[in-house]
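Structure at a glance
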Amino acid sequence: MWLILGAVSLLVLSGFGALMVNKSPRSATLIGVSGAFMACLLGLIPVIRNFIDGQASSISFPLAVPYASFFVEVDSLSAFFLLPIFILSALAAVYGAGYLKPWHGKKSIGASWFLYNLLVASMVMVVIARNAILFLFFWEIMSVASYFLVTFEDEKAGVRKAGLMYLVAAQLGTVFLLVLFILLGKDAGSLDFNHFQVLPGILPSVIFLLAVVGFGTKAGFMPFHIWLPEAHPAAPSHVSALMSGVMIKTGIYGLVRTLMFLGLPPLWWGWFLIAIGITSGILGVLFALAQHDLKRLLAYSSVENIGIITMGLGLGLLGMSIHSPILVVLGWGGGLLHVLNHAFFKALLFLGAGRASHASGTFDMRYMGGLK
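Residues numbered from 1 in each chain as written. Predicted model: local features only at pLDDT ≥ 70, side-chain atom pairs only at ≥ 80, totals over all residues. Heavy atoms only, no water.

1. Quick notes on helix H9 (residues 237-247)
- Along H9, eleven of the eleven residues are buried, which leaves the element largely enclosed by surrounding structure.
- Where H9 is concerned, the buried positions are Ser-237, His-238, Val-239, Ser-240, Ala-241, Leu-242, Met-243, Ser-244, Gly-245, Val-246 and Met-247. (Buried < 20%, exposed > 50% of the residue type's maximum accessible area, 1.4 Å probe, protein only. Helix = DSSP H or I, 4+ residues; strand = E, 2+ residues; numbered from the N terminus.)

2. Some words on the pattern of salt bridges
- Per the stated rule, a full pass over the model turns up seven salt bridges.
- The residue Arg-130 makes a salt bridge to Glu-73 at a minimum N-O spacing of 3.3 Å. Taken together, the positions of Arg-130 in the loop between helix H4 (109-128) and helix H5 (132-150) and Glu-73 in strand S2 (residues 69-74) put the pair 57 residues apart, joining distant regions of the chain.
- Accessibility expressed as a relative area gives 3% for Arg-130, which makes it buried.
- With a shortest N-O distance of 2.6 Å, Glu-155 and Lys-107 are connected by a salt bridge. Residue Glu-155 is found in the loop between H5 and helix H6 (157-188), and its partner Lys-107 is found in the loop between helix H3 (76-99) and H4; the two are separated by 48 residues along the sequence.
- One salt-bridge network, in which partners are shared between bridges, spans Glu-73, Asp-75, Arg-130 and Arg-257. (Salt bridge = Lys/Arg side-chain N within 4 Å of Asp/Glu carboxyl O.)

3. Topic: a nonpolar patch on the surface
- A cluster of nonpolar side chains, Ile-278, Ile-282, Leu-283, Val-285, Leu-286, Phe-287 and Leu-289, forms an exposed patch at the surface whose accessible area comes to about 620 Å².
- Along the polypeptide, Leu-283 turns up in helix H11 (residues 267-289). (Patch = residues over 30% accessible without salt bridge, like charges linked within 9 Å, V, L, I, M, F, W, Y side chains within 5 Å. Areas by Shrake-Rupley, 256 points an atom, 1.4 Å probe, with all protein chains shown as cover.)

4. Observations concerning the packing of aromatic side chains
- If you walk through the whole model with that rule in mind, you get 26 aromatic pairs.
- Ring geometry for Phe-135 and Phe-193: centres 6.3 Å apart, planes at 50°, overall tilted. Here the residue Phe-135 occupies a position in helix H5, and Phe-193 occupies one in the loop between H6 and helix H7 (203-219), the gap between them amounting to 58 residues.
- We classify Phe-193 as buried; its relative accessible area is 6%.
- On the basis of an interplanar angle of 15° and a centroid distance of 5.2 Å, the ring pair of Phe-287 and Tyr-300 is categorised as stacked. With a gap of 13 residues between them, Phe-287 in helix H11 and Tyr-300 in helix H12 (residues 294-321) connect regions that are remote in the sequence.
- For Tyr-300, a relative accessible area of 10% gives the class buried. (Phe/Tyr/Trp six-rings, centres within 6.5 Å; stacked < 30°, edge-to-face > 60°.)

See the structure below:
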């Protein structure tokens, strides 16, 4: 556990270091990238250890904020999501060092690496936080850091519009999550996750719907996906790779984690997620086929793949409802497997799109050709 917190500290410190030498783009890049890479390697150690022994580790102490505590834990679910976060963040950082070279002396490179490392650190903390206030605090840091990364080229009107759309969607999603945690903590008398209990009556269904909207907005469920095809094309390619590859998966993580608090699901929960998954999958493909901008196409492809993941989760819930272990294993196993599958292949596609753009000077596929 301490190694994870050490990795987070190294990310933040190297981010600040890059910011302090902002006048030297090369130095800022060296500090920011090397800090991110070493922190991710450090964080992978306890993740791999958890895969081997399966033992959860935690740290908890109170904070001078009502209902807040610094309660963090790495269990099997957290370790599963930390694996792509650490691997892809390290690789995207190395790629970003070369990708940002054309902006040296034109943009604040140190600030960019500070925000990048802050985004990675906040994603890690979201996945290991076990107190609602702590979770929402880092959830907001994740949203704000990614907003400023998306608006890297803020001199462009389209980029500013995309950033604003993303920020509004993120804040609306947070409102639903705030209500969700209030309902979960009301009877428990605590906002620590280990105190949440299965609630009576219709409250579990209300919390389920709040989770679908709040976390689904970040994940890109249709019709809450509207920010995604705007923000991804606007962001630098290494940021797009990080956002599409792992950041939107924090929405899937949050939904899965919330389902663990709600007990045996009613039958309609599974069918509801399956319907969302089918809708996102089919419409995501159709919208992708109509795009000329390569990164916008990949963004709609992410909506499609999030739909596939959601269908798997829905099948898993359906299996729980009808007491079918085979359906539970196939649904949850397939959905979570595709979390990893999509994380790696979509990140590589965005990085490849950035390389193609540097070579051709455009993301418009109609003008790409003869790339070497």
